[in-house]
Amino acid sequence: MPASLRPAITAFAILLLASLLVGAIQGSRPFYFDSGNYWALSESFNNHGSFSLLHFEYTGLRGYALPLTFYLLREVGGLFGLGPGGEVIGMNAVLFALLTGVAAPALAAVAWPERTWGLLPRLALGGLFLVFWSGYLSYPLSDFPALIGAVIALVAISRVRSPLCLGIAGLAAAYAVNARPAYFLLIPMLALILAWTWWRTPAERPAGPLRMALCVGAFALGLLVVSLPQSIGDHHAGGGFSPLPGGSELAGLQYTEGLRLQRYETYVGGPDPRMEYRDPSTDGIIASLDGEAVKDTPQYLEIIVSNPVTMAGVFLRHVVNGLDERYTTPYVEHLEPPGRGLFRLAGFLLIFLAAFRLLWPRGRRSLGTVRWRYVVALLACCATVPADAVETRFLLPAFLLSALLVLTPGWPNPLESEATGLRRFRTLGIAAVACAAYLIVVGLIISAATDHLVLT
């Protein structure tokens, strides 16, 4: 086994066992709401007595790719006599281990290639995800499949001279977008990365125009293989040929709910499942709309232009509340779980440390060369968050990026060795003041959101 692969394989094995253990301790859960919908849709491929992609219900807001994944999971799980709960926990455990032990560290190596990820940072990354996101192990949802698809696409697109890797990038990106349409900017970002790399680094261009055309064709073919069934199925169901699930209907719904709510969650511990953190600042805007709903993107842009200050506040609240790790699960069983305040504080401190490392000159230099295009592309998967009725899971790519920045080895000593006296602590003092101000601001925002929580 090559020495470079040992940390990844070892980390994957350890994190897989840890994830399976955590999943087994949590046990199976009912597939509530979205998760139940995805699971039910996986049965639709066998409508009319035989399997066909055209049997899928393409007129809804869901793409076919994730239900197809669950269909295949059920077929494999049936061979081993696993029930739905065991099948889902097993799949999600593999995804957790693959993401944190292999794929995300590979993305870090692409983004800042002068730093090496050994076994301990990989295990620490897996530990962070199990601490903050363990509740997702029990449910068939789109968040982790889409995230790992996006990460694989970004790693694959960095092999800009390999038609095979570029084909994988297209497949993975189209899968991620089909599973979570909010990732729609990922595909143009990948195309820009490819074009930018070939333009700025002639040595990385394929040898000759034919090879270059083959690379572009492989990327396009990967996109087409996943996107074409969605487009054909949507047309077959009476729609257009859009490869993006949901289309304008999904966008209008998210714009409207994003105006109404600062944050949204689902409560399964009582009769009222909708946890709406309402936003009173937008009541006047909503009342002025026909049917109190946003029709499409142009209308939403008009709202932003007409109400810039109000909408800036909306966007800020959505981002801050989206970064608030209130719960480890998408389906809340206890509104005030014990010790959760410490986890929420730890989540915000993780974001602060990541931002501090980027903004502190010595911290940023400690990363070595940074290929910013990969950082921006990963964050582009969160581009719709300011407009959404946000849930914490919508900012999973930002959480991943923050964890990678914090755990990447090479942090410099914050004490200024060349200074004397109290000046040695200048960086620490600035960081402490900045952190205090940051925590005050986010504390005010998340407390105000809690004050406007309504169960419906």
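Here, the structure is the one placed above.
Attention here is on the structure that accompanies the text. By convention here, each chain's residues receive numbers from 1 onward along its written sequence. The model is predicted, so local features are restricted to residues of pLDDT at least 70 and side-chain atom pairs to those at 80 or more, both for listing and for counting; the totals for chains, interfaces and linings are taken over all residues. The basis for every side-chain value is the complete set of non-hydrogen atoms in the structure, without hydrogens or water.

The secondary structure listing takes helices from DSSP runs of H or I that are at least 4 residues long and strands from runs of E that are at least 2 residues long, numbered from the N terminus. Each helix and strand in the protein chain was counted, giving 18 helices and 4 strands. Relative to the 2.2 N^0.38 estimate, which gives 23 Å for 456 residues, the radius of gyration of the protein chain is 23 Å and therefore close to what a compact globule would have. Seen through its C-alpha atoms, the protein chain measures out along the principal axes to roughly 80 × 60 × 50 Å. The classification of residues rests on relative accessible area computed with a 1.4 Å probe and restricted to protein chains. Under 20% of the type maximum is buried, over 50% is exposed, and intermediate values are partly exposed. Expressed as a percentage of the 456 residues in the protein chain, the buried residues total 48%. Between two residues, a contact is recorded if the distance between any of their heavy atoms is within 4.5 Å. Taking as baseline every contact in the protein chain between residues at least 6 positions apart, the subset at least 24 positions apart corresponds to 75%. About 20500 Å² of surface is accessible on the protein chain, with carbon and sulfur atoms providing 68% of the total. Charge assignment in this entry is limited to Lys and Arg as positive and Asp and Glu as negative, and neither His nor the chain termini are counted. Taken as the charge location is NZ of Lys, CZ of Arg, CG of Asp or CD of Glu. If you average the places of the 31 positive and of the 29 negative side-chain charges in the protein chain, the two averages end up 16 Å apart. We compute the radius of gyration from the C-alpha atoms alone; for a globule the expected value is 2.2 Å times N to the 0.38, where N is the number of residues. Using a 1.4 Å probe, the Shrake-Rupley method yields the accessible areas, and only the shown protein chains count as cover for residues.

This paragraph deals with the packing of helix 12 (residues 297–306) against helix 13 (residues 308–322). Two elements in contact, helix 12 and helix 13, have axes separated by 5 Å at closest approach and are oriented at 110°. Relative to helix 13, the element helix 12 is oriented roughly perpendicular. Contacts from Y300, I303, I304, V305 and S306 of helix 12 reach helix 13 at P308, M311 and F315. Charged means Asp, Glu, Lys or Arg here, nonpolar means Ala, Val, Leu, Ile, Met, Phe, Trp, Tyr, Cys or Pro, and polar covers whatever is left, Gly included. The residue inventory of the contact of helix 12 with helix 13, partitioned by class, reads 7 nonpolar, 1 polar and no charged. Helix axes use the C-alpha atoms of the stretch in contact, all axes being lines fitted to C-alpha atoms, and the angles between their N-to-C directions lie in the range 0 to 180 degrees. Between 65 and 115 degrees an angle is taken as roughly perpendicular, under 35 as roughly parallel, over 145 as roughly antiparallel, and anywhere else as oblique.

This part is about empty space enclosed by the protein. A cavity, in this analysis, means grid points on a 1 Å lattice covering only the protein atoms where a 1.4 Å probe fits yet has no way out; a pocket is instead an open set bounded by protein on both sides within 12 Å along at least five of seven lines, and a residue lines either one if it has an atom within 4 Å of a point. Grid points are joined across faces, edges and corners, and a volume is the space filled by probe spheres set on the points. Tallied over the entire structure, the rule returns 4 cavities of 30 Å³ or more. For the largest cavity, the full set of lining residues is W133, Y136, R263, Y264, E265, Y327, T329, P330, V332, E391, T392 and R393. At 3 residues, the largest contribution of residues to the lining of the largest cavity is made by strand 1 (residues 261–267). For the lining of the largest cavity, the per-class residue count stands at 6 nonpolar, 2 polar and 4 charged.

Here we take up the pattern of salt bridges. Any Lys or Arg side-chain nitrogen located within 4 Å of an Asp or Glu carboxyl oxygen qualifies as a salt bridge. Per the stated rule, a full pass over the model turns up 16 salt bridges. Between E276 and R260 there is a salt bridge; the shortest N-O distance is 3.0 Å. Highlighted residues: E276 in strand 2 (residues 274–278) and R260 in helix 10 (residues 247–260), separated in sequence by 16 residues. Here E276 falls in the buried class, since its relative accessible area comes to 3%. Residue classification places R260 among the partly exposed residues on the basis of a relative accessible area of 23%. A salt bridge links R317 to D279; its shortest N-O distance comes to 3.1 Å. Placement of R317 in helix 13 and of D279 in the loop between strand 2 and helix 11 (283–287) is noted, with a sequence separation of 38 residues between them. Across this residue pair, the class does not change: R317 and D279 are buried.

Between helix 13 and helix 18 (residues 426–451), the least distance of the axes is 10 Å, while the angle of their chain directions is 90°. Put simply, helix 13 runs roughly perpendicular to helix 18. Two secondary-structure elements touch here, helix 13 through L316, R317, V320 and N321 and helix 18 through V442, I445, I446 and A449. Here the residues of the contact of helix 13 with helix 18 are counted per class, giving 6 nonpolar, 1 polar and 1 charged.

Working definition: a disulfide is two cysteine sulfur atoms within 2.5 Å of each other. Using the criterion set out here, one finds 0 disulfides in the structure. Among the cysteines around C165, which has no disulfide bond, C215 carries the closest sulfur, lying 9.7 Å off. Between C382, a free cysteine, and C381, which holds the nearest cysteine sulfur, the sulfur-to-sulfur gap is 6.7 Å. The exposure class of C382 is buried, given its relative accessible area of 8%.

In this structure, the largest pocket occupies an estimated 1100 Å³ of space. Along the walls of the largest pocket sit 46 residues, with L250, L253, Q254, D388 and F394 positioned nearest its centre. Among the secondary structure elements, those contributing two or more residues to the lining of the largest pocket are helix 2 (33–41), helix 7 (163–179), helix 10, strand 1 and helix 12. The dominant element in the lining of the largest pocket, judged by the number of residues it contributes, is helix 10, at 7 residues. For the lining of the largest pocket, the class distribution of residues is 29 nonpolar, 9 polar and 8 charged. Approximately 370 Å³ is the volume attributed to the second largest pocket. Lining the second largest pocket are 17 residues, with T328, T329, E333, H334 and P337 sitting closest to its centre. Looking at the lining of the second largest pocket residue by residue, the class counts come to 7 nonpolar, 6 polar and 4 charged.

This part covers the sheet that holds strand 2. If you walk across this open sheet you meet the 4 strands as 3-1-2-4, and the pairing is mixed. Looking along the sheet, the strands with just one partner apiece sit at the ends: strand 3 (331–332) and strand 4 (453–455). Bridge count for strand 2 against strand 4 is 3 bridges, and the pairing is antiparallel. Residue pairing across strands places Y277 opposite L453, the latter belonging to strand 4. At least two bridges found by DSSP between two strands are what make those strands a pair.

As a rule of thumb, nonpolar side chains are buried together in soluble globular proteins. The definition of a nonpolar core used throughout is a set of buried Ala, Val, Leu, Ile, Met, Phe, Trp, Tyr and Cys residues joined through side-chain atoms within 4.5 Å. One finds W112, F129 and L400 to be the most contacted residues of the largest nonpolar core, which totals 87 residues. Setting aside chain neighbours within four positions, we find L400 in contact with L99, A104, L125, F129, L147, V151 and L378. Core analysis: the second largest hydrophobic core is formed by 19 residues, L323, F352, F394 and Y438 among them.

Take a nonpolar patch on the surface next. Patch members must show over 30% relative accessible area and no salt bridge, and they are joined within 9 Å when carrying like charges or within 5 Å when they are nonpolar side chains of Val, Leu, Ile, Met, Phe, Trp or Tyr. Together, L54, L171, L221, L224, V225, L228 and I232 give the surface a local cluster of nonpolar side chains, amounting to about 590 Å² of exposed area. Ranked by residue count, the leading element in the nonpolar patch is helix 9 (residues 209–236), at 5 residues. With respect to the helices and strands, the residue L228 is situated in helix 9. On the accessibility criterion, L228 (39% relative accessible area) is partly exposed.

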